[in-house]
Amino acid sequence: MQEVKPARLKGIKVGVVITGSHCTAGEVIPQIKALKEEGAEIYSIFSYTVDETDNRFYKVKDLKQQIKEITEHQIINTIVGAEPIGPKKLLDIIVVAPATGNTIAKLANGIVDTPALMAIKAQLRNQRPVVIAISTNDALGINARNIGMLLNMKNIYFVPFRQDNPVEKSNSLVAQMDKIVDTVLLALEGKQIQPVLLGPANS
């Protein structure tokens, strides 16, 4: 008889913010399902880029259909739609996955010009946790200082990440998306999962 695992996130409202690292979106979908399987109630927030841009990795229509089927909620895709997350205290935790360099740079510098950034700002206003699952080609370049700022910021937690292609893209970092659930569980306790820095994928 198969062992029934306890739903560790039962009753927890999780906002999943999806930003425009289109190549990584496919890795995030199974993790949204995993959060749901752990008992979480999922609300999705799209950046403008994700909400509007067909690309070689997916069609927007197909992505939206997938997300709606998993979450059973309408997608939040406007700044006005994301703003109530703050005053109404709608979410227990937010997961930004994938988190682009653009979103990270704006967040670190207090810029709020997309639904994604409004959702994060609204959550931080309530002193509630935000989990960042990074995916950007300039993480160890111009964006390194912004990542450093966020690593040192209260209520922000990182999914463990690594250089995904050190030879051809030496500045690129990508989170290990299958660590999202574990990162969320610890972030809800106010703890950063360790280690944050991972070795090469083939090590």
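Before reading further, recall that the structure is shown in the block above.
Given the structure is predicted, the values throughout are model-derived calculations rather than measurements.

Draft legend 1. How the structure looks around the overall build of the protein. Looking only at helices and strands, one finds 8 helices and 7 strands in the protein. A compact globule built from 203 residues should have a C-alpha radius of gyration of about 17 Å, and the protein, at 16 Å, falls within 12% of that. Seen through its principal axes, the protein has C-alpha atoms that stretch 45 × 40 × 35 Å. Within the protein, the proportion of its 203 residues that are buried is 49%. Within the protein, contacts between residues at least 6 apart in sequence are counted, and of these 79% link residues at least 24 apart. Accessible surface, the protein as shown: approximately 10300 Å² in total, 50% of it carbon and sulfur. Both charge centroids of the protein, one from 23 positive and one from 20 negative side chains, sit 5 Å from each other.

Draft legend 2. The arrangement of the nonpolar core in detail. In this structure, Val-14, Leu-35, Ile-132 and Ile-180 are the most contacted members of the largest nonpolar core, which totals 64 residues. If you tally residues by element for this core, the top one is helix H6 (residues 115-125), at 7 residues. Excluding anything up to four places from it in sequence, Ile-180 contacts Gln-31, Leu-35, Val-95, Ala-97, Ala-133 and Val-159.

Draft legend 3. Region of the structure containing the pairing of strand S2 (residues 41-46). Sheet topology note: the strand S1 (residues 13-18)/S2 ladder contains 6 bridges and is parallel. Residue Val-16 lies in a different strand from S2, and its bridge partner there is Ser-44. As a crossover connection, the stretch from S1 through helix H1 (residues 25-37) into S2 is right-handed.

Draft legend 4. Region of the structure containing the packing of aromatic side chains. Applying the stated criterion to the full structure yields 1 aromatic pair. Geometrically, the ring pair formed by Phe-158 and Phe-161 is edge-to-face, given 6.0 Å between the ring centres and 70° between the ring planes.

Draft legend 5. How the structure looks around the layout of surface pockets. Taken as a whole, the largest pocket holds about 160 Å³ of empty space. As for the largest pocket, its lining consists of 14 residues, of which Cys-23, Thr-24, Ser-135, Asp-164 and Val-174 are closest to the centre. Contributions of two or more residues to the lining of the largest pocket are made by strand S4 (130-136) and strand S7 (173-175). Of the residues that constitute the lining of the largest pocket, the class distribution is 4 nonpolar, 7 polar and 3 charged.

The rules we used
Residues numbered from 1 in each chain as written. Predicted model: local features only at pLDDT ≥ 70, side-chain atom pairs only at ≥ 80, totals over all residues. Heavy atoms only, no water. Helix = DSSP H or I, 4+ residues; strand = E, 2+ residues; numbered from the N terminus. Rg over C-alpha atoms; globule rule 2.2 N^0.38 Å. Buried < 20%, exposed > 50% of the residue type's maximum accessible area, 1.4 Å probe, protein only. Contact = heavy atoms within 4.5 Å. Areas by Shrake-Rupley, 256 points an atom, 1.4 Å probe, with all protein chains shown as cover. Lys, Arg positive; Asp, Glu negative; His and termini not counted. Charge placed at Lys NZ, Arg CZ, Asp CG, Glu CD. Core = buried A, V, L, I, M, F, W, Y, C linked by side-chain atoms within 4.5 Å. Pairing = 2+ DSSP bridges. Right-handed = clockwise from strand over helix to strand, strands pointing away. Phe/Tyr/Trp six-rings, centres within 6.5 Å; stacked < 30°, edge-to-face > 60°. 1 Å grid on protein atoms, 1.4 Å probe; cavity = no way out; pocket = protein on both sides within 12 Å on 5 of 7 lines; lining within 4 Å. Points joined across faces, edges and corners; volume = space filled by probe spheres on them. Nonpolar A, V, L, I, M, F, W, Y, C, P; charged D, E, K, R; others polar.

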